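# Chains, contacts and geometry: an overview
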Amino acid sequence: MIAASERLGCARTLDAIAAILRDTAREVLGADGIAVVLRQGELCHYVAEDAVEPLWQGARYPIGDCLSGWSMLHRQTVTISDIASDPRVPQEAYRRTFVRSLIMAPIGTAEPVAALGAYWAEVREHDPFTIMLLESLARSAALAIEHAQLNATLEQRVAERTRELEQAHEALRQSQKLEAIGQLTGGIAHDFNNLLTIIRSSVDFLRRPDLPEARKGRYLDAVSDTVDRAAKLTSQLLAFARRQTLKPEVFDIRASVRDTAEMLDTLVGARIRLAVELPDAPCCVRADLNQFEAALVNMAVNARDAMNGEGTLTLRVSVSDAISRIRGQTGAAGMFATVSLTDTGTGIVADQIGRIFEPFFTTKEFGKGTGLGLSQVFGFAQQSGGDVAVVSEVGRGATFTLYLPQVAAEIQPERPVDHDDGPVPVGTGERVLVVEDNVEVGRFCTQILEDLGYRTEWAVNAEDALERLGSDGNGFEVVFSDVLMPGMGGIALAQELRRRLPTLPVVLASGYSHALAQGGAQGFELLNKPYSAEQLSRVLRRPRRSSGSQSAAVIEPGPAGLPPSGLRAQRACEHGTFPAAAAKAEPRAGWAMPA
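Summary of the structure given here. Quick caveat, the model's predicted, so the values are computed rather than measured.

### Notes on the overall build of the chain
Each helix and strand in the chain was counted, giving 16 helices and 19 strands. Buried positions account for 46% of the 595 residues belonging to the chain. Long-range pairs, those at least 24 residues apart, make up 68% of the contacts in the chain between residues at least 6 apart in sequence. Carbon and sulfur atoms provide 53% of the accessible area of the chain, an area that totals close to 29300 Å².

Structure representation (structure tokens):
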């Protein structure tokens with residue numbers, strides 16, 4: 001009895017209570033059968049039993065037609081020595097059973113919710129002790145049921161409270177998301193409005209017929225430089241969003257850091273000592289080399305500004321076997337190459353560390369920083385399968401660590417020499433099929449190509465292009481297609497043409513494409529918008545120089561007229577990581593396409 005009461009005290013559900021009564025009551029009472037009955041509205045449900053022969057388990061009876069119902073309705077224990085002589089007994093239900101006498105006790109204090117019945121196979125007078133044992137089990141069961149109901153109520157309240165908290169957190173997250181989107185769009189609008197102001201004002205002056213040639217040249221340079229700055233802005237935003245088109249290749253970051261350090265030594269200034277620590281063993285990664293160097297430059301510029309132009313900047317390359325928890329996210333196991341930049345600057349206050357990678361967030365004075373440099377580092381690291389961590393103490397500087405997955409070294413094929421630094425190539429009447437769904441861009445592109453000496457036709461979508469090309473190419477010598485178009489996109493068009501007309505060169509152009517960000521250019525020549533007329537002419541000549549073979553090169557937008565194959569410092573300029581003057585390269589003027 002004591003063991004049964006203890007087990008009931010630990011039960012938390014009605015099913016568990018019924019199972020305990022079924023397993024213990026018969027032995028405690030010395031009965032031939034036990035039944036546990038639950039009240040379900042106006043029905044009595046026989047949920048559990050333990051008897052020498054089957055009784056009524058699973059059956060439901062109206063509460064007014066059974067002894068368990070009578071016991072619950074009257075809140076009394078029913079004691080029957082001979083069921084044949086008691087008018088309360090439904091004889092038809094008992095006739096097929098072994099039961100000849102019984103005791104039925106209600107379970108519940110104020111309002112019984114169940115009943116416990118004990119049955120015997122012979123007629124007998126029930127002694128007070130047996131009745132007391134049954135009622136004691138019923139009281140223990142009643143307390144257990146109350147606890148179970150209380151526990152269920154508490155669990156329900158906890159679940160409801162949890163749902164309320166989750167809804168509140170979701171509302172907060174949504175609010176923060178909207179705030180972040182508002183900050184991002186506000187920053188984009190601010191910067192682009194500044195750029196558009198320069199372009200609009202320059203164009204207005206260029207329309208004046210009496211404008212001196214010197215001033216006309218200055219305004220043309222202003223328009224060209226502003227387009228470069230706009231391209232830099234979009235490139236950094238795509239980098240943060242992990243939607244830029246990367247050109248991954250395997251390289252030893254020791255060599256890249258060593259070469260970049262030579263440029264950084266000039267960039268950070270003479271009063272900052274630059275120290276480089278490199279391991280002896282190779283340390284290879286698979287990533288976009290240009291974007292990797294751009295990330296190093298962005299972190300170095302951030303460190304330079306934090307030191308106010310004076311201090312020590314240490315670049316250290318090492319290997320780690322895991323990424324620890326960063327920004328509350330789960331770490332990652334595996335071998336990672338790490339590049340850390342440690343400065344002796346002012347440090348970062350704790351409440352700003354979580355925001356430094358947000359686009360347009362900056363602590364610099366107005367006009368001295370866009371707040372996009374570190375966001376490029378973050379986006380590049382994430383898109384390359386790595387991450388970036390920062391540790392800082394106010395007054396003692398900061399350490400930024402870039403993690404990239406380490407890979408085995410590969411033998412890289414020798415890169416072909418690109419002669420794009422010569423005069424701008426012009427067409428000689430070659431036929432170009434332009435595929436562009438945007439009317440303004442399509443009209444402008446065909447005009448550029450005609451001015452460059454090409455003969456053009458314009459298809460407004462991929463399906464129209466396939467129809468014009470037919471089965472034999474219809475005399476076209478190159479296809480120049482946008483990537484993002486309704487229906488069949490540019491990549492799908494290029495793949496179809498590769499299957500149908502394998503010798504017909506295809507050049508793709510895009511300002512952004514999710515497919516390109518995820519899978520690259522699929523081996524096709526790619527010209528990123530905004531591009532200059534010179535870049536367009538060169539890229540159209542390149543696939544025909546290679547006898548129709550498809551190239552995997554990606555032509556990045558840079559300062560107008562600057563060859564993509566220029567010096568390492570000039571490449572960094574192309575990606576907008578520091579002013580062109582820092583690379584000691586004078587960009588030439590060029591004609592830029594609208595994005």
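### Brief notes about the packing of helix α12 (residues 462-469) against helix α13 (residues 490-500)
With their axes 11 Å apart at the nearest point, α12 and α13 run at an angle of 20 degrees to one another. As summarised for this structure, α12 and α13 are arranged roughly parallel, according to the angle between their axes. The interaxial crossing formed by α12 with α13 has right-handed handedness. Residues A462, A465, L466 and L469 of α12 form the contact with α13, whose own contacting residues are L493, E496, L497 and R500. Along the lines of polarity and charge, the residues of the contact of α12 with α13 split into 6 nonpolar, no polar and 2 charged.

### Side note on the side chain of T401
Mapped onto the secondary structure, T401 falls in strand β13 (residues 397-407). Dropping the residues within four chain positions of it, T401 is found in contact with T338, V339, S340, D387, V388 and A389.

### Details of the pattern of salt bridges
According to the stated counting rule, one finds 20 salt bridges in the structure shown. Here E111 and R39 are joined by a salt bridge, their closest N and O atoms 3.6 Å apart. Separated by 72 residues along the polypeptide, E111 in the loop between β5 (101-107) and β6 (114-120) and R39 in strand β1 (residues 33-40) bring together distant segments of the chain. Here the salt bridges do not stand alone but share partners, grouping R39, E42, R75 and E111 into one network.

### Concerning helix α8 (residues 289-306)
Between the first and last C-alpha of α8 there are 26 Å, a value that for 18 residues agrees with the 26 Å anticipated at 1.5 Å per step. Taking burial as the measure, the 18 residues of α8 include 15 buried ones, the bulk of the element. Where α8 ends, the next residue or the one after it, N308, has phi of about 55 degrees, a positive value.

### Overview of the nonpolar core
Core analysis: the largest hydrophobic core is formed by 44 residues, its most contacted members being I253, F292, L313, F400 and L402. With 9 residues, α8 is the single largest residue contributor to this core. Filtering out sequence-adjacent residues up to four positions away, F400 remains in contact with M299, N302, V339, S340, L341, I348, I356, F357, L374, A389 and V390. Residues A31, L38, A105 and L133 belong to the second largest nonpolar core, which totals 26 residues.

### Examining the sheet that holds strand β3 (residues 60-62)
If you walk across this open sheet you meet the 6 strands as β3-β2-β1-β6-β5-β4, and the pairing is antiparallel. Across the chains shown, the open sheet's two edge strands, defined by having one partner strand only, are β3 and β4 (78-80). Across the sheet, the axes of successive neighbouring strands diverge by a mean angle of 20 degrees, strand direction being ignored. Where β1 meets β6, 6 bridges bridge the pair, whose relative direction is antiparallel.

### Focus on helix α7 (residues 253-268)
Along α7, the sharpest kink reaches roughly 30 degrees, centred on E262. Count one or two residues on from α7 and you reach G269, which has phi positive near 105 degrees.

### Section: the pairing of β5
Of all 7 residues in β5, 7 are buried; the element is thus mostly enclosed. Both faces of β5 are covered, namely the face carrying S101, I103, A105 and I107 and the face carrying L102, M104 and P106. Of the strand pairs in this sheet, β5 and β6 are connected by 7 bridges, and their pairing is antiparallel. Following the sheet pairing, M104 is matched in β6 by G117.

### A few points about the pairing of strand β15 (residues 455-459)
Consecutive residues of a regular strand have side chains that alternate between opposite faces of the sheet. Where strand β14 (residues 431-435) lies against β15, 5 bridges are found, and the strand directions are parallel. Across the sheet, L433 pairs through a bridge with E457, a residue of β15. Tracing the backbone out of β14, into helix α11 (residues 439-451) and back to the parallel element β15 gives a crossover that is right-handed.

### A short note on unusual backbone geometry
The phi dihedral of R75 falls on the positive side, at around 55 degrees, and the residue is not glycine. Residue placement: R75 occurs in the loop between α3 (67-74) and β4. A positive phi is found at N474, a non-glycine position, where the angle reads about 55 degrees. On the basis of relative accessibility, which here comes to 40%, the residue N474 falls in the partly exposed class.

### Overview of the environment of Y454
Mapped onto the elements, Y454 comes out in the loop between α11 and β15. Once the C-alpha coordinates of Y454 and G429 are considered, the two residues, 25 residues apart in sequence, prove to be 4.6 Å apart.

### Brief notes about the environment of A231
Structurally, A231 is set in helix α6 (residues 213-240). A231 sits 298 residues away from K529 along the chain, and the two C-alpha atoms are 7.9 Å apart.

### Regarding the packing of aromatic side chains
A complete count under the given rule lists 9 aromatic pairs for this structure. The interplanar angle of 85 degrees and the centroid separation of 5.8 Å between the aromatic rings of Y46 and Y61 together place this pair among those described as edge-to-face. Residue Y46 is found in strand β2 (residues 43-51), and its partner Y61 is found in strand β3; the two are separated by 15 residues along the sequence. For Y46, a relative accessible area of 3% puts it in the buried group. Taking relative accessible area as the criterion, Y61 reaches 24% and is therefore assigned partly exposed.

### A closer look at the side chain of D252
Topologically, D252 is positioned in strand β7 (residues 248-252). Within the structure, D252 has its side chain in polar contact with the side chain of R254 (distance 2.9 Å). Setting aside its immediate chain neighbours within four residues, D252 contacts P282, C283 and C284.

Scoring rules and cut-offs
Residues numbered from 1 in each chain as written. Predicted model: local features only at pLDDT ≥ 70, side-chain atom pairs only at ≥ 80, totals over all residues. Heavy atoms only, no water. Helix = DSSP H or I, 4+ residues; strand = E, 2+ residues; numbered from the N terminus. Buried < 20%, exposed > 50% of the residue type's maximum accessible area, 1.4 Å probe, protein only. Contact = heavy atoms within 4.5 Å. Areas by Shrake-Rupley, 256 points an atom, 1.4 Å probe, with all protein chains shown as cover. Axes fitted to C-alpha atoms, helices over the stretch in contact; angles between N-to-C directions. Parallel < 35°, antiparallel > 145°, perpendicular 65-115°, else oblique. Left-handed = near helix turned anticlockwise from the far one by under 90°. Nonpolar A, V, L, I, M, F, W, Y, C, P; charged D, E, K, R; others polar. Salt bridge = Lys/Arg side-chain N within 4 Å of Asp/Glu carboxyl O. Expected span 1.5 Å × (residues − 1). Core = buried A, V, L, I, M, F, W, Y, C linked by side-chain atoms within 4.5 Å. Pairing = 2+ DSSP bridges. Bend = angle between axes of the 7 residues up to and from the residue. Right-handed = clockwise from strand over helix to strand, strands pointing away. Phe/Tyr/Trp six-rings, centres within 6.5 Å; stacked < 30°, edge-to-face > 60°. Polar contact = N/O pair within 3.5 Å; in protein donor to acceptor, adjacent residues only side chain to side chain.

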